[in-house]
Amino acid sequence: MNILIVRVSSLGDVVHNMPMVADIRRHYPDANIDWVVEEAYTSLVRLNPHVRTIIPIALRRWRKSLGSAKTRAEIASFYRQLRHEAYDIVFDTQGLLKTSVVMRMARLAPDGKRVGLGNATEGSGYESLSRIFHTQSVPVGVYTHAVMRARTVAAVALGYILDDAADFALQAPVLAEKPMWLPEQPYAVFFHGTARTAKQWAADNWVAVAQVLASRNMPVLLPWGSAKEKHAAEQLAARMTQAVVLPSLSLMEAVTLVRHAALVVGLDTGLTHIAAACCRPTVELYCDSPRWKTEGNWSPRIVNLGDTGAPPDVAQVLQAIDQVLSAPAAAHSGDRTQDNEA
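Residues numbered from 1 in each chain as written. Predicted model: local features only at pLDDT ≥ 70, side-chain atom pairs only at ≥ 80, totals over all residues. Heavy atoms only, no water.

Undergrad: Help me understand empty space enclosed by the protein in this model?
TA: In this approach the atoms are scanned with a rolling probe the size of a water molecule, which exposes any empty space left behind. Taken as a whole and judged by the stated rule, the model has one cavity of 30 Å³ or more. Computed from the structure, the largest cavity encloses a volume of approximately 40 Å³. Around the largest cavity, the lining residues are R7, D13, H16, N17, T93, A146, R149 and A150. Those elements that provide at least two residues to the lining of the largest cavity are α1 (11–27) and α6 (146–158). Partitioning the lining of the largest cavity into residue classes produces two nonpolar, three polar and three charged. (1 Å grid on protein atoms, 1.4 Å probe; cavity = no way out; pocket = protein on both sides within 12 Å on 5 of 7 lines; lining within 4 Å. Points joined across faces, edges and corners; volume = space filled by probe spheres on them. Helix = DSSP H or I, 4+ residues; strand = E, 2+ residues; numbered from the N terminus. Nonpolar A, V, L, I, M, F, W, Y, C, P; charged D, E, K, R; others polar.)

Take a look at the structure:
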């Protein structure tokens, strides 16, 4: 059976789509699974050993230069690659018009079908017009977690029951050499940056947590993804005893940073969700987004704090840090990603 998944973005959503792939492989071991994803995230999907072929798409870049010959040539090349294989099932787990159009462009095998979300979940970017391209629309609960949403669509379409914990199956990146910035001693990572101001956690809070970690001889590494975030990281580091502002990291370098971390404390962002997917000791902070949508609920090594309009306080975060650091690594089947690496 040939299966195509269309889930193009964003980083956190691509991460949360991973367990769907492991589910399919568990019930259909011989299935060939391909994935259409934004070019920026191909390296992440490549870490999943269950994916046969990655088909990069560059919608974000193409829309800025649709009139150029180079862009038109790239689109034509993408279309040829998308049509190369005939698929028994094409899944669109994003539920947008643009992704359903991509789903429609893929070539079906005889009796093949196109399967997508039958309805929106609370606060999602779902576009109901996408259903016109479906052979089968799978309804989900209004308050369905992002991981369970994709898993449910696949389970209903392929006729199996979800009977296991989420398995993200992410392998460790292979870098040419060990990064110079990677410490030998156990370290914490603070994913402090986010585009939306309301989702940020107060600088004083980050500093207070860093002070406690410094008393335990655990340095804090501060990554960043934009000039604004770098400036914020530098301001935080100036107030912390043991803190290092990292250089600009590629996605695979960021994943390496996460996988070697003794502790990750982060906002509701894609890199924090990668840490949770790898079952590193992770404290997820929700300051202005609904926790139920994306919280890491598959391992005791993950604690989720706060909610929309109700950010956690420092005492809660420190208690959660003690909790995740003392949790056993293999206490839950969802931890198999990290256990396999070890």
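Undergrad: Can you help me understand the packing of α1 against α6 in this one?
TA: If you want to describe how two helices pack, look at the angle between their axes and the distance between the axes. Relative to each other, α1 and α6 sit at 30°, their axes nearing to 7 Å. In this view, α1 runs roughly parallel relative to α6, as classed from their interaxial angle. In the packing of α1 onto α6, the handedness of the crossing is right-handed. Residues H16, N17, P19, M20, D23, I24 and R26 of α1 pack against A146, V147, A150, R151, A154 and L158 of α6. Its residues assigned to classes, the contact of α1 with α6 comprises eight nonpolar, two polar and three charged. (Axes fitted to C-alpha atoms, helices over the stretch in contact; angles between N-to-C directions. Parallel < 35°, antiparallel > 145°, perpendicular 65-115°, else oblique. Left-handed = near helix turned anticlockwise from the far one by under 90°. Contact = heavy atoms within 4.5 Å.)

Undergrad: Mind showing me how you'd approach unusual backbone geometry here?
TA: Cis geometry marks the peptide bond from S9 to S10; its omega dihedral reads -10°. Mapping S10 onto the fold places it in the loop between β1 (2–6) and α1.

Taken by themselves, the reported measurements are silent on function.
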